[in-house]
Amino acid sequence: MNKYLGNGDTTIILDVTDPENGKDYALRLPRGKKEFDIKFSRRLLGSFVDGYNKLKEYGIPVPRIHESHDEQYILVEKINHKFDLKKLLSHPEGISKEELKEAYKALVKFAER
């Protein structure tokens, strides 16, 4: 593990490097319980996959799923970005004009779908 990247509603997200190819990925692990519970894990990671499939269905770009294993983890393409939606909406002053323009265009495109 390289570092903690953050968390979503159902998973924690870690930055990891594949020792075989040297590529960085985002590792999504179920969150919410201290002890591993396969039913809980399936529900949480299943929520991620369901959302992922729905976004792909509407043609919205999403990080590619690289690998998953028995509902224990999902390894996805790591997207390097300078800000997230929360920062865009609450503290846009630290974002360049060009990036703001592109982000707002992408947000409108997303909302139109």
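All chains use their own residue numbering, which begins from 1 and follows the written sequence. Predicted model: local features are reported for residues with pLDDT of at least 70 only, side-chain atom pairs are reported and counted for 80 or more only, and whole-chain, interface and lining totals are derived from all residues. As a rule here, side-chain values come from all non-hydrogen atoms in the structure, and water together with hydrogens is ignored.

Q: For this particular structure, what's the right way to read the sheet that holds strand β1 (residues 3-7)?
A: Pairing between the strands of a sheet comes from backbone hydrogen bonds, and it takes one of two forms, parallel or antiparallel. In this description, strands pair whenever DSSP reports at least two bridges between them. Each helix corresponds to a stretch of at least 4 residues labelled H or I by DSSP, and each strand to a stretch of at least 2 residues labelled E; elements are numbered beginning at the N terminus. The strand order across the open sheet formed by 5 strands is β1-β2-β3-β5-β4, and the pairing between neighbours is antiparallel. Two strands bound the open sheet, and with one partner strand each, they are β1 and β4 (65-69). Recorded for the sheet is a direction-independent mean angle of 25° between the axes of neighbouring strands. Here strand β3 (residues 24-30) pairs with strand β5 (residues 73-77) via 4 bridges, running antiparallel. Within the sheet, the bridge partner assigned to arginine 28 lies in β5 and is isoleucine 74. Every angle, taken between N-to-C directions, lies between 0 and 180 degrees, and every axis is a line fitted to C-alpha atoms, over only the stretch in contact when it is a helix.

Q: It is not clear to me how the pattern of salt bridges should be interpreted in this structure. Could you clarify?
A: Proximity of charged atoms lets side chains of opposite charge pair with each other. Basic side-chain nitrogens of Lys or Arg form a salt bridge, by our definition, when they fall within 4 Å of a carboxyl oxygen of Asp or Glu. Under the definition given, this model contains 2 salt bridges. The partner of lysine 105 in a salt bridge is glutamate 102, and the shortest N-O contact between them spans 3.5 Å. Of the two residues, lysine 105 and glutamate 102 are both situated in helix α3 (residues 97-112); the distance of 3 residues between them amounts to about one turn of the helix. Residue classification places glutamate 102 among the partly exposed positions, given a relative accessible area of 46%. Exposed residues in this analysis have more than 50% of their type's maximum accessible area, buried residues have under 20%, and partly exposed residues fall in between, with area computed by a 1.4 Å probe over protein chains only.

Q: Can you help me understand the confidence of the model for the chain in this one?
A: Fine structural detail should not be taken from predicted coordinates in areas where pLDDT scores are low. pLDDT: the predictor's confidence for each residue, scored from 0 to 100. Overall, the prediction assigns the chain a mean pLDDT of 79, with 81% of residues at 70 or greater. Per-element averaging of pLDDT across the chain places helix α1 (residues 38-57) at the bottom with 71 and strand β2 (residues 11-17) at the top with 90.

Q: It is not clear to me how the nonpolar core should be interpreted in this structure. Could you clarify?
A: Proteins that are soluble and globular tend to have nonpolar side chains buried together. Think of a nonpolar core as a cluster: buried Ala, Val, Leu, Ile, Met, Phe, Trp, Tyr and Cys residues, connected wherever their side-chain atoms sit within 4.5 Å. Leu14, Val16, Tyr25, Leu27, Tyr73 and Leu75 together form the largest nonpolar core, which totals 6 residues. Looking at this core, the elements with two or more residues in it are β2, β3 and β5. Apart from residues no more than four positions distant in its own chain, valine 16 is found in contact with Met1, Asn2, Lys23, Asp24, Tyr25, Leu27 and Leu75. Two residues form a contact once any of their heavy atoms are found within 4.5 Å.

Q: Honestly, the side chain of aspartate 18 in this entry has me stumped. Any pointers?
A: Secondary-structure assignment places aspartate 18 in the loop between β2 and β3. When charges are tallied, Lys and Arg are placed among the positive residues and Asp and Glu among the negative ones, while His and the ends of the chain are skipped. Buried and without a salt bridge, aspartate 18 has lysine 23 as its closest oppositely charged side chain, separated by 8.5 Å. Other than its neighbours up to four places away in sequence, aspartate 18 contacts Lys23, Tyr25 and His66.

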